[in-house]
Amino acid sequence: FIDSELNGHPVKLLVDTGSTASLLSRKFVNENNLLNALESCEFSCTMADGSEIHFNDVLHGKVSFKGVETVERFYVAEKLNFDGLIGIKGIKKIGLQLGSENDLIFLLQNPVALKYPDIFDKPLKTACLKEMKLSPVIPLKEGASPNHL
């Protein structure tokens, strides 16, 4: 889960790299008075267990996470046990990346590479130190220098 904001409201989103869609619980929508922001839609998706779920409402919401803001489409789910989930497209938009080291999986965000995508070759590589602290390594594109920042 990540703690972020959606249209100015605190929201705890499950990070789901296997989902192509982002979802919000109907409870979250109701508790945060977001009913007026909903649009009607007809959307269906297949869940990991093979069941199909249908959505009738969507919210185009502004998501903020650690200084990065983007607009994401959230389908409203009737029976979701948490505030919402953010799928792979939304994950990329807010600059989150998965890393792994020594059988650990972790999330990283690189706002510098998001702000200056024209000079960074790859969004983020990570190194894991013995103390398990993360140290970002951001390679520059050929011919670019840190002075471009």
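For the structure, check the block above.
Turning our attention to the overall build of the protein chain. Each helix and strand counted, the protein chain has 3 helices and 11 strands in total. Starting at the N terminus and ending at the C terminus, the protein chain contains elements arranged as β-β-β-α-β-β-β-β-α-β-β-α-β-β. By residue count, 37% of the 149 residues in the protein chain fall in the buried class. A fraction of 46% describes how many contacts in the protein chain between residues 6 or more apart in sequence connect residues 24 or more apart. A total of about 9,400 Å² of accessible surface is found on the protein chain, and carbon and sulfur atoms cover 49% of it.

Secondary-structure assignment places N32 in the loop between helix 1 (26-31) and strand 4 (38-46). Taking the relative accessible area as the measure of exposure, N32 reaches 17% and is therefore buried. In this structure, the C-alpha to C-alpha distance between N32 and V11, residues 21 residues apart in sequence, is 9.9 Å.

Moving on to the pairing of strand 5 (residues 52-65). Bridge count for strand 1 (residues 2-6) against strand 5 is 2 bridges, and the pairing is antiparallel. Counted as the bridge partner of L6 is V63 from strand 5. Judged from the 7 bridges that link them, strand 4 and strand 5 form a sheet pairing that is antiparallel. Paired with S40 across the bridge in strand 5 is D57. Connecting strand 4 to the next strand, strand 5, in antiparallel fashion are 5 residues, including G50 with a positive phi near 95 degrees. When strand 5 meets strand 6 (residues 68-77), the two strands line up antiparallel, connected through 8 bridges. From the neighbouring strand, L59 faces strand 6, where its bridge partner is F74. Linking strand 5 back to strand 6 in an antiparallel pair, the connection comprises 2 residues, with K66 at a positive phi of about 50 degrees.

Let us now look at the nonpolar core. Counting 20 residues, the largest nonpolar core has I2, L6, L24, I94 and L96 as its most contacted members. Broken down by secondary-structure element, the contributors of at least two residues to this core are strand 1, strand 2 (9-15), helix 1, strand 5 and strand 6.

With that settled, consider unusual backbone geometry. One non-glycine residue with positive phi stands out, namely N7, at about 50 degrees. In this fold, N7 is placed in the loop between strand 1 and strand 2.

It is possible for side chains of opposite charge to pair when their charged atoms get near one another. Within the structure shown, the criterion is met by 6 salt bridges. A salt bridge links E31 to K27, with the nearest nitrogen and oxygen atoms 3.9 Å apart. Of this pair, E31 and K27 both sit in helix 1, separated by 4 residues, roughly a single helical turn. Taking relative accessible area as the criterion, E31 reaches 53% and is therefore assigned exposed. Overall, K27 belongs to the exposed group, its relative accessible area being 56%. Where K62 meets E69, a salt bridge forms, and the shortest distance between an N and an O atom there is 3.9 Å. Looking at E69, the relative accessible area reads 51%, which means it is exposed. Residues participating in the shared-partner salt-bridge network are R26, D57 and E78.

With that out of the way, let us pick up the packing of aromatic side chains. Scanning the entire structure with this criterion turns up 4 aromatic pairs. Plain terms: the ring middles of F1 and F82 are 5.7 Å apart, the flat faces sit at 80 degrees to each other, and that makes the pair edge-to-face. With F1 in the segment before strand 1 and F82 in the loop between strand 6 and strand 7 (84-86), this pair connects stretches of sequence that are 81 residues apart. A residue is classified by how much of its surface remains accessible, and F1, at 55% relative accessible area, is exposed. The class of F82 is partly exposed, set by a relative accessible area of 25%. Relative to Y75, the ring of F55 lies with its centre 5.7 Å away and its plane at 40 degrees, an arrangement referred to as tilted.

Cut-offs used in this document
- Residues numbered from 1 in each chain as written.
- Predicted model: local features only at pLDDT ≥ 70, side-chain atom pairs only at ≥ 80, totals over all residues.
- Heavy atoms only, no water.
- Helix = DSSP H or I, 4+ residues; strand = E, 2+ residues; numbered from the N terminus.
- Buried < 20%, exposed > 50% of the residue type's maximum accessible area, 1.4 Å probe, protein only.
- Contact = heavy atoms within 4.5 Å.
- Areas by Shrake-Rupley, 256 points an atom, 1.4 Å probe, with all protein chains shown as cover.
- Pairing = 2+ DSSP bridges.
- Core = buried A, V, L, I, M, F, W, Y, C linked by side-chain atoms within 4.5 Å.
- Salt bridge = Lys/Arg side-chain N within 4 Å of Asp/Glu carboxyl O.
- Phe/Tyr/Trp six-rings, centres within 6.5 Å; stacked < 30°, edge-to-face > 60°.

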